[in-house]
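# Working through the structure, step by step
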Amino acid sequence: MSESMLKMWISLAGMGLLIVAIGLILLSRHKLKGIISVFVSLLAYVSLFLGGIIILYIVFSGPTI
């Protein structure tokens, strides 16, 4: 697998984590209550952070040939 294809799959995983974070944050704020809401929010913010780090890595790693 070439470096370009590997970066594509990594960026898709990052975008997927960001989408999961959006869904989990909306779920925890509107549908859940109590300790479950806190747990889901924590999971959402961790996935948001990881997705952001992955996207930043892909953007700042530069172009591939």
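As a further point, take helix 2 (residues 35-60). For helix 2, with 26 residues, the first-to-last C-alpha span of 38 Å sits near the 38 Å given by 1.5 Å per residue. Among the residues of helix 2, Ser 37, Val 40, Ser 41, Ala 44, Ser 47, Gly 51 and Ile 58 are the ones counted as buried. Check the buried side of helix 2 and you find it contacts helix 1 (3-30). Backbone geometry just downstream of helix 2 places Gly 62 in the positive-phi region, at approximately 90 degrees.

Our next topic: the environment of Glu 3. The residue Glu 3 is located in helix 1 in this model. Since its relative accessible area comes to 52%, Glu 3 is described here as exposed.

A separate point is the environment of Pro 63. If you trace the backbone, Pro 63 turns up in the segment after helix 2. Sequence-wise, Pro 63 and Ser 4 are 59 residues apart; in three dimensions their C-alpha atoms are separated by 8.5 Å.

Moving on, we get to the packing of helix 1 against helix 2. Relative to each other, helix 1 and helix 2 sit at 155 degrees, their axes nearing to 8 Å. With respect to their mutual orientation, helix 1 and helix 2 come out roughly antiparallel. In the packing of helix 1 onto helix 2, the handedness of the crossing is left-handed. Looking at side-chain class alone, the contact of helix 1 with helix 2 contains 17 nonpolar, 8 polar and 2 charged residues.

Our focus in this paragraph is helix 1. With 28 residues, helix 1 extends 41 Å from end C-alpha to end C-alpha; this agrees with the ideal 40 Å at 1.5 Å per step. For helix 1, the set of buried residues is Lys 7, Ser 11, Gly 14, Ala 21, Leu 24, Ile 25 and Ser 28. Of the surrounding secondary structure, the elements contacted by the buried residues of helix 1 are helix 2.

Okay, a nonpolar patch on the surface next. On the surface, a nonpolar cluster with roughly 830 Å² of combined accessible area is contributed by Leu 42, Val 46, Phe 49, Leu 50, Ile 53, Leu 56, Val 59 and Phe 60. The residue Phe 49 is located in helix 2 in this model. The class of Phe 49 is exposed, set by a relative accessible area of 54%.

Calculation criteria
Residues numbered from 1 in each chain as written. Predicted model: local features only at pLDDT ≥ 70, side-chain atom pairs only at ≥ 80, totals over all residues. Heavy atoms only, no water. Helix = DSSP H or I, 4+ residues; strand = E, 2+ residues; numbered from the N terminus. Expected span 1.5 Å × (residues − 1). Buried < 20%, exposed > 50% of the residue type's maximum accessible area, 1.4 Å probe, protein only. Contact = heavy atoms within 4.5 Å. Axes fitted to C-alpha atoms, helices over the stretch in contact; angles between N-to-C directions. Parallel < 35°, antiparallel > 145°, perpendicular 65-115°, else oblique. Left-handed = near helix turned anticlockwise from the far one by under 90°. Nonpolar A, V, L, I, M, F, W, Y, C, P; charged D, E, K, R; others polar. Patch = residues over 30% accessible without salt bridge, like charges linked within 9 Å, V, L, I, M, F, W, Y side chains within 5 Å. Areas by Shrake-Rupley, 256 points an atom, 1.4 Å probe, with all protein chains shown as cover. Salt bridge = Lys/Arg side-chain N within 4 Å of Asp/Glu carboxyl O.

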